[in-house]
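Chain by chain, the residues run as shown.
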Amino acid sequence: MASPAPEQHVRFNVLRDGHARRSALYEATRQSLQGEVKALPPTWLYDARGSRMYEEVTRLPEYYLPHRERDILHAHARAIAERTPASTLVELGPGSATNTRLLLDALDAAGTLERFVALDVSEDALRASAHMIAEVYPRLSVDAFVGDFERDLGLLPHGGRRLIAFLGSTIGNLYPAKRATLLGAVADALGPEDGFLLGIDLVKDVRRLEAAYNDSRGVTEAFVRNALAAVNDELAASFDQARFVYEPRWDPDHEWMAIELRARGAHAVRIDALEIDVAFEQDEPLRVEISAKFRSEEFVREVEQSGLRVESLWTDHLGDFAVALMVADARPQANVTTKREENDVRRSKHL
Ligand SMILES: C[S@@+](CC[C@H](N)C(=O)[O-])C[C@H]1O[C@@H](n2cnc3c(N)ncnc32)[C@H](O)[C@@H]1O
């Protein structure tokens with residue numbers, strides 16, 4: 001029998017109506033621009049154009065993150081599928097879902113996989129990746145949700161054994177308090193047999209970190225500047241690209257890359273849709289994103305405080321990136337931080 005057309009396998013859902021999503025984003029934008037360090041919510045990076053540009057970023061040799069994550073998944077996807085024989089792979093922020101394919105292949109080969117659930121804020125990227133997955137895996141049922149992983153985890157379908165994947169070190173784009181909230185929400189959402197797979201970028205030589213966000217062809221700069229263009233288009237704002245210099249820099253105190261544009265000369269930006277004027281001083285930064293980098297030991301401690309337990313943590317051969325397989329910690333929360341040494345944390349440093 002011929003395989004049914006891919007469309008029959010894809011259910012597309014938009015969580016919350018467009019008006020509610022837009023008002024939340026606009027309010028977050030207003031607040032971020034009035035904070036101590038002026039910032040834009042990173043969501044502006046991922047409009048249709050930005051999502052396509054990000055795909056180009058992932059192909060840059062300097063942007064080692066997806067390449068090193070791929071090495072790790074290549075070596076360990078089979079072990080992951082054996083350890084968590086999930087019937088549903090849930091992915092948060094899949095984007096183009098490139099590395100996802102390694103997990104889908106392993107779960108498919110293990111014979112357990114029935115369903116792929118994807119949640120992404122970028123509708124265009126989600127549509128493209130959901131249809132790509134349905135085409136490559138015709139037996140799979142695909143549920144795509146346009147939504148926000150910071151708010152909508154509880155709205156995703158339950159049932160069956162689930163592996164929740166959060167790849168690409170997207171977790172590093174959240175500030176520590178929001179990161180803790182998200183990790184706690186994932187811990188709450190996990191059933192006793194479910195797993196959580198998280199990709200994290202590790203602290204390393206500053207020159208390599210800065211080069212990863214400042215490639216010689218300016219691909220990443222164009223991606224970041226697109227956030228200004230998106231705000232101009234949607235909020236009738238007057239950001240002038242020429243009045244900002246792209247300046248990604250390592251912040252050693254917080255151990256994150258601050259992806260910023262610095263004002264060239266004092267000037268004001270009008271945002272008509274928010275009815276505000278934002279005044280920039282000479283050299284004042286506008287932060288578009290952070291990308292936190294992690295240290296394995298501290299990371300294990302951090303996730304334990306959110307009610308998760310690390311079962312395995314793998315790094316690539318250069319020690320650039322790590323992928324952690326976690327489960328919900330069934331122990332009472334008060335004990336979690338004091339019993340760290342009892343955890344069975346297996347690390348394989350060399351692939
Ligand atoms: C850094 S990219 C990573 C994409 C992909 N996982 C990879 O590794 O190449 C972040 C992805 O998360 C999505 N995203 C960002 N913030 C989000 C949010 N709050 N809720 C849902 N998706 C979000 C973006 O649209 C994008 O697809």
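Note that this is a predicted model, so its numbers are computed, not measured. (Residues numbered from 1 in each chain as written. Predicted model: local features only at pLDDT ≥ 70, side-chain atom pairs only at ≥ 80, totals over all residues. Heavy atoms only, no water.)

A. Quick look at the domain arrangement of the protein chain. You can read the domains of the protein chain as domain 1 (61–204 + 294–340) and domain 2 (206–292). Computed over C-alpha atoms, the centres of domain 1 and domain 2 are 29 Å apart. Taken residue by residue, the interface counts 17 residues in domain 1 and 16 residues in domain 2. Together, E62, Y175 and K204 form the three largest contributors to the area buried by domain 1 at its contact with domain 2, with a combined 37%. Between domain 1 and domain 2 we count two salt bridges in total. With a shortest N-O distance of 2.7 Å, D320 and R208 are connected by a salt bridge. At the junction of domain 1 and domain 2, the tally comes to seven residue pairs in polar contact (both at pLDDT 80 or more). Of the residues in the side of domain 1 that touches domain 2, the class split is eight nonpolar, three polar and six charged. (Domains from an automatic or database assignment. Contact = heavy atoms within 4.5 Å. Buried area = accessible area lost by both parts, 1.4 Å probe. Salt bridge = Lys/Arg side-chain N within 4 Å of Asp/Glu carboxyl O. Polar contact = N/O pair within 3.5 Å; in protein donor to acceptor, adjacent residues only side chain to side chain. Nonpolar A, V, L, I, M, F, W, Y, C, P; charged D, E, K, R; others polar.)

B. Molecular detail of helix α5 (residues 123–136). Across its 14 residues, α5 extends 20 Å between first and last C-alpha, which sits within 8% of the 20 Å expected from 1.5 Å per residue. Among the residues of α5, those classed as buried are A125, L126, S129, A130, I133 and A134. Looking straight down α5, one finds its buried side chains confined to an arc of 155°; they lie on one side. The exposed set on the far side of α5, more than 90 degrees from its buried face, consists of A128 and E135. (Helix = DSSP H or I, 4+ residues; strand = E, 2+ residues; numbered from the N terminus. Expected span 1.5 Å × (residues − 1). Buried < 20%, exposed > 50% of the residue type's maximum accessible area, 1.4 Å probe, protein only. Arc of directions from axis to C-beta.)

C. Representation of the environment of S306 in the model. Its location among the elements puts S306 in the loop between α9 (296–305) and β12 (308–315). Given a relative accessible area of 12%, S306 falls into the buried group. The sequence separation of S306 and A328 amounts to 22 residues, and the corresponding C-alpha distance is 9.2 Å.

D. The site of the ligand, seen in detail. Around the ligand, the surrounding shell holds 14 residues, and the nearest of these are G93, D120, V121, D148 and F149. One nitrogen or oxygen atom from the main chain of G93 is found 2.8 Å from a nitrogen atom belonging to the ligand. D120 has a polar side-chain atom sitting 2.6 Å from an oxygen atom of the ligand. In isolation the ligand exposes 590 Å². Once the protein is present, 91% of that is buried. Its residues assigned to classes, the shell around the ligand comprises six nonpolar, six polar and two charged. (Near = heavy atom within 4 Å. Areas by Shrake-Rupley, 256 points an atom, 1.4 Å probe, with all protein chains shown as cover.)

E. Summary view of helix α2 (residues 48–58). Of the positions making up α2, those classed as buried are G50, S51, V57 and T58. When α2 is viewed along its axis, its buried side chains cluster within an angular range of 105° and face the same direction. Of the surrounding elements, those touching the buried residues of α2 are α3 (65–83), α5 and α8 (219–235).

F. Fine view of the confidence of the model for the protein chain. Mean pLDDT for the protein chain: 92, with 92% of residues reaching 70 or above. Long-range and interchain partners of residues 1–6, a stretch whose pLDDT sits below 50, account for four contacts in this model, where long-range means more than four residues apart. Segment residues 334–351 is flagged for pLDDT under 50; beyond a separation of four residues in sequence, or across chains, it makes 40 contacts in the model. (pLDDT = per-residue confidence, 0-100.)

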